[in-house]
Amino acid sequence: MEHFLRKALPSEAEIIWNILQQAIERRRKDGSRQWQDGYPNLEVVKMDISSGKGYILEREGKIAAYAALVFNDEPAYDEIEGNWLTNGDFLVIHRVAVSDDFLGKGIAVSLFKVLEDFAKEHQVFSIKVDTNFDNLAMLHILEKLNYQYCGEVYFRGGARKAFEKVLS
């Protein structure tokens with residue numbers, strides 16, 4: 001099935017926010033505390049888009065998934081309790097959310113594979129990502145795609161598991 005990555009448009013902020021709300025509800029139903037504190041929100045989505053960090057994975061002409069992508073800039077990652085695998089350029093993936101319309105179709109795995117290609121196209125060979133200890137769905141994806149656990153980072157007062165994958 002054909003899908004492609006592109007920057008999100010300001011006119012898509014509400015659709016993306018709706019997809020994030022679906023993911024927030026899934027986390028709640030799974031018993032995860034991730035994203036249960038009012039973050040992310042519509043303003044965060046609008047900021048991602050206006051700063052050029054908001055990306056969508058489009059499939060069948062629809063937004064299947066969303067992620068915020070940042071090169072080399074995540075201050076919380078400077079304070080890892082543990083060790084990153086590399087110290088050079090890296091791509092950070094934040095706020096991954098898959099639309100309910102595309103659940104169970106391998107979209108999250110497809111998104112990560114597309115993002116690995118995106119990083120390499122930008123001559124970046126490391127992806128760093130973090131997630132809650134209780135976000136079992138994301139932990140499973142990271143394990144499946146051979147991301148290595150590197151330690152803990154802290155966001156808004158909470159510990160998060162930090163992972164890195166070195167691309168070849």
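The preceding data block contains the structure.
The rules we used
- Residues numbered from 1 in each chain as written.
- Predicted model: local features only at pLDDT ≥ 70, side-chain atom pairs only at ≥ 80, totals over all residues.
- Heavy atoms only, no water.
- Core = buried A, V, L, I, M, F, W, Y, C linked by side-chain atoms within 4.5 Å.
- Buried < 20%, exposed > 50% of the residue type's maximum accessible area, 1.4 Å probe, protein only.
- Helix = DSSP H or I, 4+ residues; strand = E, 2+ residues; numbered from the N terminus.
- Contact = heavy atoms within 4.5 Å.
- Polar contact = N/O pair within 3.5 Å; in protein donor to acceptor, adjacent residues only side chain to side chain.
- Phe/Tyr/Trp six-rings, centres within 6.5 Å; stacked < 30°, edge-to-face > 60°.

(A) Seen up close, the nonpolar core. Residues Leu 69, Ile 93, Phe 112 and Tyr 147 are the most contacted members of the largest nonpolar core, which totals 31 residues. Listing elements by their share of this core, those giving two or more residues are β2 (54-59), β3 (62-71), β5 (91-98), α3 (107-121), β6 (126-131) and α4 (136-144). For this core, the leading source of residues is α3, giving 9 residues. Not counting residues up to four positions away in its chain, the partners in contact with Phe 112 are Ile 93, Val 96, Met 138, Ile 141, Leu 142, Leu 145 and Tyr 147. By size, the runner-up hydrophobic cluster in this structure holds 17 residues, among which are Ala 8, Ile 19, Ile 49 and Ile 56.

(B) Summary view of the environment of Ser 50. As for its position among the elements, Ser 50 is in helix α2 (residues 42-50). The class of Ser 50 is exposed, set by a relative accessible area of 61%. The spatial distance from the C-alpha of Ser 50 to the C-alpha of Ala 8 is 9.1 Å, given a sequence separation of 42 residues. There is a polar contact of 3.2 Å between the side chain of Ser 50 and the backbone oxygen of Met 47.

(C) Local environment of the packing of aromatic side chains. One pass over the structure, following the stated rule, counts 6 aromatic pairs. Between Tyr 55 and Phe 118 the ring centres are 5.2 Å apart and the planes differ by 65°, which places this aromatic pair in the edge-to-face class. Of this pair, Tyr 55 sits in strand β2 while Phe 118 sits in helix α3; the two residues are 63 residues apart in sequence, bridging distant segments of the chain. Of the two residues, Tyr 55 and Phe 118, both sit in the buried class.

(D) The environment of Arg 33, seen in detail. Counting through the fold element by element, Arg 33 comes out in the loop between α1 (13-29) and α2. Judged by relative accessible area, which is 68%, Arg 33 ranks as exposed. Linking Arg 33 and Leu 111, residues 78 residues apart in sequence, is a C-alpha distance of 23 Å. Setting aside residues no more than four positions away along its own chain, Arg 33 makes contact with Asn 132 and Asp 134.

Bear in mind that shape data such as this cannot, by itself, settle questions of function.
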